[in-house]
Amino acid sequence: MNKYNKLLSENPRLLYIKGVQIPTKNDGIVSYNMTTVKNLQVSQNLPTWELNIIKSIVSQLQVDTRAENEVSSRLNQKPKNGKPFGTFKTMEDTVTGECETLYDIKPLQQNRIPLRTSQVAFKVEPLNKNMEEKIFIATQHPYTTIQNILNLTPAEKSQNTKDISVRKTREWTQTYGESSTGVAMKVHYNGEDKAADLASFLRSMQGHDLTSYALLNNFNVEINRHRFIVSHDAQKSSAKAIRFYASYRNNEESRLRNADKNNNDNANNSPLEARASSAIPSTPSKNGAEKRQEELLHKATSGIKDAAATVVEILTEFEGNNNAQYVLTAAIAKSPVDKNSKFLFFYHASPAQSSKFEMAVAATAQVPQLSEMNFMRSEKELYNIHCHFCHLKRCGDI
């Protein structure tokens with residue numbers, strides 16, 4: 001008696017597969033060599049349905065990575081020297097019979113996004129630099145029709161289809177972005193929608209006050225014929241490529257280095273002054289991105305004890321005959337032990353064919369350090385918010 005028969009004699013209601021126990025009502029033996037199933041022996045009295053269940057379970061254990069049941073083919077490439085690469089065909093026995101199986105073996109790629117990566121950059125270029133390419137199309141085509149459900153012809157092409165038209169169509173085409181970015185985007189519209197003029201607004205206001213118009217106007221939906229297309233006009237575009245840069249950083253490392261110093265400092269209970277000039281960095285260029293972010297981090301944390309600060313920057317560069325660049329940088333700082341918090345915002349635009357533009361915003365706030373459940377004290381505390389806005393060289397408080 002071999003080891004399988006001995007096991008079955010002791011446990012007649014278990015099917016043994018290399019240490020895997022599968023409950024059955026009858027005896028059974030599976031010869032398995034860790035890659036393919038060599039043999040399946042069951043009792044003659046085993047019902048067909050139960051045999052099929054056992055086959056389905058056993059077939060899932062087959063992983064013929066060694067091509068033991070190889071089907072001859074000139075395309076077969078079996079793994080060699082233990083390397084995880086190979087492509088070959090095998091014949092495997094399953095519930096439904098013998099099936100030809102294709103194995104394509106290759107290592108699993110771990111496409112993980114590194115969480116510590118603080119910068120992302122990519123470049124976009126048109127595939128056809130001398131042709132107009134449609135980027136977005138939205139079409140609405142109302143119609144009525146009568147059609148047999150067994151007729152597979154598209155309903156809009158049926159002889160019973162009648163278009164719905166409520167008014168005369170209007171059409172316009174406009175190009176945007178040539179002077180600002182160098183990328184010419186053509187917008188084309190053809191449809192029956194009403195013009196957004198003052199007369200249309202006054203007619204829609206009849207029978208409504210401002211509150212009901214704001215709440216209910218979106219429910220008055222009309223189904224009109226229209227076609228809206230946005231295209232990239234390569235002939236009018238001076239920019240040939242667009243580069244995007246996004247970066248993020250915080251001051252966590254400096255907080256850890258200065259932990260002892262921060263614990264000894266006293267919290268600043270007096271409100272901070274918001275000055276937009278503090279949000280203007282020394283350079284708005286792409287090459288000065290790291291320096292610019294460090295400057296805003298330092299200025300955001302200034303005057304706040306144990307401040308946790310974060311800065312985010314998005315830079316878009318349009319490359320062509322007339323380069324254009326847009327930079328947006330924002331920093332925020334707050335502290336678990338200080339009432340004060342600060343927000344800095346900087347925007348710089350260098351259009352392709354017009355003058356440069358800069359905007360800076362600084363805001364400070366005092367938020368009392370209170371327990372979320374202390375409602376009585378929360379009612380007595382005051383929240384102070386101060387904002388300062390700077391547009392080019394003209395500054396003023398808001």
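For every chain, the first residue of its written sequence is number 1, and the numbers climb from 1 along that sequence. Only residues with pLDDT of 70 or above have their local features reported here, since the model is predicted, and side-chain atom pairs are shown and tallied only from 80 upward, although totals for entire chains, interfaces and linings are computed over all residues. Side-chain calculation: all heavy atoms of the structure are included, whereas hydrogens and water are not.

As recorded in an unreviewed UniProt entry, the protein chain goes by Vitellogenin-A1-like and comes from Diaphorina citri.

What follows deals with the pairing of strand β6 (residues 97-105). Looking along a regular strand, one sees the side chains alternate between the two faces of the sheet. Think of it this way: DSSP has to see at least two bridges between two strands before they count as a pair. A run of H or I in DSSP counts as a helix once it spans at least four residues, and a run of E counts as a strand once it spans at least two, with each numbered from the N terminus. The pairing of strand β5 (residues 86-94) with β6 spans nine bridges and is classified as antiparallel. Bridging across to β6, Phe88 finds its partner in Tyr103. Between β5 and β6, which pair antiparallel and follow one another directly, the connecting turn spans two residues.

Attention now goes to the confidence of the model for the protein chain. The predictor rates its confidence in each residue with pLDDT, a number between 0 and 100. In this model, the protein chain carries a mean pLDDT of 76, and residues with pLDDT of at least 70 account for 72%. Across residues 113-117, where pLDDT falls below 50, the model places zero contacts with residues more than four positions away in sequence or in other chains. Every residue pair with non-hydrogen atoms within 4.5 Å of one another is taken to be in contact.

Turning to the pattern of salt bridges, a few remarks are in order. One speaks of a salt bridge when a side-chain nitrogen belonging to Lys or Arg is within 4 Å of a carboxyl oxygen belonging to Asp or Glu. This structure, assessed with the given rule, holds nine salt bridges. In this structure, the salt-bridge partner of Glu100 is Lys89, at a minimum N-O distance of 3.8 Å. Remark: Lys89 occurs in strand β5 and Glu100 occurs in strand β6; sequence separation between them is eleven residues. Between Asp163 and Arg225 there is a salt bridge, with its nearest N and O atoms 3.6 Å apart. Separated by 62 residues along the polypeptide, Asp163 in strand β10 (residues 162-163) and Arg225 in the loop between α4 (210-216) and β13 (226-233) bring together distant segments of the chain. Three labels apply to residues, based on accessible area from a 1.4 Å probe with only protein chains included: buried if under 20% of the type maximum, exposed if over 50%, partly exposed otherwise in between. The class for Asp163 is partly exposed, based on a relative accessible area of 48%.

Attention now goes to the nonpolar core. Inside soluble globular proteins, nonpolar side chains tend to come together where they are buried. Formed by 16 residues in total, the largest nonpolar core has its most connected members in Ala300, Ile304, Ala331, Ala333 and Leu344. Going through the elements one at a time, α7 (289-301), β15 (308-320), β16 (324-334) and β18 (357-366) are the ones with two or more residues in this core. Those residues in contact with Ala331 that sit more than four places away from it in its chain are Leu296, Ala300, Thr310, Val311, Lys342, Phe343 and Leu344. We call a set of buried Ala, Val, Leu, Ile, Met, Phe, Trp, Tyr and Cys residues a nonpolar core when their side-chain atoms join them within 4.5 Å. Within the second largest apolar cluster, eight residues are counted, among which are Val183, Ala239, Ala324 and Ala352.

On to empty space enclosed by the protein, then. Rolled over the atoms, a probe with the dimensions of a water molecule shows which regions are left empty. Throughout, the protein atoms alone are placed on a 1 Å grid, and a set of points is a cavity if a 1.4 Å probe fits but cannot get out or a pocket if it is open with protein on both sides within 12 Å along at least five of seven lines; lining residues have an atom within 4 Å of a point. Grid points are joined across faces, edges and corners, and a volume is the space filled by probe spheres set on the points. All chains considered together, the criterion is met by one cavity of 30 Å³ or more. By volume, the largest cavity amounts to about 30 Å³. Polar here means any residue other than Ala, Val, Leu, Ile, Met, Phe, Trp, Tyr, Cys and Pro, which are nonpolar, and Asp, Glu, Lys and Arg, which are charged; Gly is therefore polar. Residues belonging to the lining of the largest cavity are distributed by class as follows: three nonpolar, two polar and two charged.

For the rest of this paragraph, the subject is the sheet that holds strand β11 (residues 170-176). Within the open sheet, the four strands sit side by side as β8-β13-β12-β11. Their pairing is antiparallel. Both edges of this open sheet fall to β8 (132-140) and β11, since each of them pairs with a single strand only. Taking each pair of neighbouring strands and ignoring which way they run, the sheet shows an average axis angle of 10°. All axes are obtained by fitting lines to C-alpha atoms, using only the stretch in contact for helices, and the reported angles, taken between N-to-C directions, cover 0 to 180 degrees.

Pairing of aromatic side chains requires ring centres within 6.5 Å, counting the rings of Phe and Tyr and the six-membered ring of Trp. Pairs whose planes differ by under 30 degrees are stacked, by over 60 edge-to-face, and all others tilted. Counted according to the given criterion, the structure contains six aromatic pairs. Measuring from ring centre to ring centre gives 5.0 Å for Phe122 and Phe244, while their planes differ by 25°; the resulting arrangement is stacked. With Phe122 in strand β7 (residues 119-124) and Phe244 in strand β14 (residues 239-250), the pair connects residues that are 122 residues apart, well separated along the chain.

Once that is clear, we can look at the environment of Arg74. Inspection of the secondary structure assignment puts Arg74 in the loop between α2 (48-59) and β5. Considered as a pair, Arg74 and Phe88 are 14 residues apart in the sequence and their alpha carbons are 9.2 Å apart.

Counting through the fold element by element, Asp233 comes out in strand β13. Nearest to the buried, unbridged Asp233 among oppositely charged side chains is Lys186, at 4.0 Å. Residues in contact with Asp233, not counting those within four places in the same chain, are Glu132, Ala184 and Lys186. Within this scheme the basic residues Lys and Arg register as positive and the acidic residues Asp and Glu register as negative, but His and the chain ends are omitted.

For the rest of this paragraph, the subject is unusual backbone geometry. Unlike most non-glycine residues, Asp306 shows phi in positive territory, near 50°. Here Asp306 is to be found in the loop between α7 and β15.

This part is about a nonpolar patch on the surface. There is a patch of nonpolar side chains on the surface, built from Tyr248, Val312, Ile314 and Leu328 and spanning about 330 Å² of accessible area. As for its placement among the helices and strands, Val312 is situated in strand β15. Taking relative accessible area as the criterion, Val312 reaches 39% and is therefore assigned partly exposed. The patches reported here contain residues having more than 30% relative accessible area and no salt bridge. Joining distances are 9 Å for like charges and 5 Å for nonpolar side chains (Val, Leu, Ile, Met, Phe, Trp, Tyr). Computed with the Shrake-Rupley method and a 1.4 Å probe, the accessible areas treat only the protein chains shown as cover for residues.

Bringing the side chain of His188 into the picture now. Checked against the element boundaries, His188 lands in strand β12 (residues 185-191). Pairs of N or O atoms are called polar contacts if they sit within 3.5 Å, as long as, within protein, a hydrogen donor faces a hydrogen acceptor (for residues adjacent in sequence, only side-chain-to-side-chain pairs). Reaching out from His188, the side chain makes a polar contact with the side chain of Thr173 at a distance of 2.7 Å. Not counting the four nearest positions on each side in its chain, His188 is found in contact with Glu171, Trp172, Thr173, Arg227, Phe228 and Ile229.

On to α2. Expected span of a helix, by definition, is 1.5 Å for each gap between consecutive residues, and there is one gap fewer than residues. Between its terminal C-alpha atoms α2 stretches 16 Å, which fits the 16 Å expected from twelve residues at 1.5 Å a residue. Taken residue by residue, α2 has Glu50, Ile54, Val58 and Ser59 as its buried positions. Seen end-on, α2 carries its buried residues on one side only, within an arc spanning 165°. What points out from α2, more than 90 degrees from its buried face, is the exposed set Thr48 and Trp49. The arc under discussion is defined with respect to the helix axis, by the directions toward the C-beta atoms.

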